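Examining the three-dimensional arrangement
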Amino acid sequence: MDLEALHSFLAVAKHRSISKAAAGLYVTQPTMSQRLRRLEESLGFALFERGWTGVVLTPQGSYFLPYAATLIRDLSNASAVLGTKDPARPRSFDEVAGHPHKVMFGVDNWLSERSVRAVVSSALGSYGADEFRVTSRPATTLIDLLELNQLDAGLFYSTESGHPFHTEVVGTEDMALVHPPGTVLEEHSAPALTELLSRYRFVLFDNPVLTHHARITTTLIETYEISRFHVVDDYRTMHALIRLGECISVVPTGVVLADRERCGTDLPATPLPGLLPEINVTVGVSDAGRDHGVSEEFAASVARFLDAEAPGTG
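Residues numbered from 1 in each chain as written. Predicted model: local features only at pLDDT ≥ 70, side-chain atom pairs only at ≥ 80, totals over all residues. Heavy atoms only, no water.

Broken down by element type, the protein chain carries 14 helices and 12 strands. At a minimum sequence separation of 6, the contacts of the protein chain that also span at least 24 residues come to 75%. Entry remark: accessible area of the protein chain is about 17,000 Å², with carbon and sulfur atoms responsible for 53%. (Helix = DSSP H or I, 4+ residues; strand = E, 2+ residues; numbered from the N terminus. Contact = heavy atoms within 4.5 Å. Areas by Shrake-Rupley, 256 points an atom, 1.4 Å probe, with all protein chains shown as cover.)

What follows is the structure in structure tokens.
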């Protein structure tokens, strides 16, 4: 994506004026307008419209802005770590990444602590502690890194197949209804679930969950005729809204388990087997991972650890 265009987009959003943004970036107004037009064409939607107070963001522009700001900030942070202009800066790159190759494992940051333990334990079965690294990222990022051969293996929630790297399903989870204290699902049926969902705003998770789990989300919304939403991008916000009696939501049962492991929450959660599709827990191994010695045994090992630490076992 055109970084100059992104900087221009953020400048216009800040100043609410193309001319002021152009002056701030030391470019002409026609150049600024051309950059914005080029960005809008590449995205396929309008970012700005003219209002009484100047140039204002469209709804699509407002949604896109935090992603653009995050991208620019992430690139700036990476540049600062790699750069040598500031001699007082800590040796961040050398300390974190400037080492001989380590086998890289990734874990979906929605998965529970037992899933992380399964990956770490499986890695330790084949490598010394100094020979590998584990990173936590959204499933979409892990999938991209696996496809780009920048991650050796990863464990993630998946609703799709056909990835351009080796995958193996090592488990499945039901979806679970997370509801306010004092409420119950009267019976395990679609009508009862529809009735309970209709009483509350439904917490809908924003990207990357919204896109990665689109199949389940779309099925849920269409089947149970959900029409009132509250959009969040953080599980803790969802937790607070539900606990205060304002909202309700549906997440994988492992997400509920992870929350209970982290903070011992007693927020009611009801599994929904048969009422919604299960979600797969998948191991992916890239071509680079195979070259670095990550075999199919890694997936089998993760599956064994997950089974051994399943709730109610041991």
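Having put the structure on the table, let's press on.
Let's shift gears to the nonpolar core. Grouped together as the largest cluster of nonpolar side chains are 57 residues, with contacts concentrated most on F105, V170 and M238. Ignoring sequence-local partners within four residues, the contact set of F105 consists of V119, A123, Y127, F132, R133, V134, T135, L151, A153, V294 and F298. Listed in part, the 18 residues of the second largest apolar core include L10, M32, L39 and V55. (Core = buried A, V, L, I, M, F, W, Y, C linked by side-chain atoms within 4.5 Å. Buried < 20%, exposed > 50% of the residue type's maximum accessible area, 1.4 Å probe, protein only.)

Before going further, it helps to examine helix α6 (residues 113-124). Owing to its 3.6 residues per turn, the α-helix brings residues three or four apart onto one side. Over its 12 residues, α6 extends 16 Å from the first C-alpha to the last, a length consistent with the 16 Å expected when each residue adds 1.5 Å. Here α6 has its buried residues at R114, S115, A118, V119, S122 and A123. (Expected span 1.5 Å × (residues − 1).)

Take the environment of I242 next. Structurally, I242 can be placed in helix α11 (residues 235-243). Put simply, I242 and V178 are 64 residues apart on the chain and 7.6 Å apart in space, counted from C-alpha to C-alpha.

It is worth spelling out the confidence of the model for the protein chain at this point. In the predicted model, the protein chain carries a mean pLDDT of 87, and the fraction of residues at 70 or more is 89%. At the low end of the mean pLDDT range in the protein chain sits helix α5 (residues 92-96), at 60; at the high end sits helix α8 (residues 190-198), at 95. (pLDDT = per-residue confidence, 0-100.)

A word on the side chain of T159. Topologically, T159 is positioned in the loop between β5 (153-158) and β6 (166-173). A relative accessible area of 10% places T159 in the buried class. When residues no more than four places from it in sequence are discounted, the contact partners of T159 are H212, H213, R215, I216 and I279.

Among all positions in α11, only Y235, M238, H239, L241 and I242 are buried. If you check the start of α11, you find a side-chain oxygen 2.9 Å away from the backbone N of R236, and it comes from D234. Once α11 finishes, G245 follows within two positions and takes phi at roughly 80°, a positive value. (Polar contact = N/O pair within 3.5 Å; in protein donor to acceptor, adjacent residues only side chain to side chain.)

What follows is about the sheet that holds strand β10 (residues 247-252). Overall, mixed pairing links the five strands, which are arranged β9-β8-β10-β7-β11 in an open sheet. The sheet terminates laterally at β9 (229-232) and β11 (269-271), the two strands that pair on one side only. Adjacent strand axes in the sheet meet at a mean angle of 30°, parallel and antiparallel pairs treated alike. As paired elements, strand β8 (residues 201-205) and β10 share two bridges and run parallel to each other. Residue pairing across strands places R201 opposite C247, the latter belonging to β10. Running at roughly 140° to β10, α11 makes contact with β7 (175-178), β8, β9 and β10 of the sheet. (Pairing = 2+ DSSP bridges. Axes fitted to C-alpha atoms, helices over the stretch in contact; angles between N-to-C directions.)

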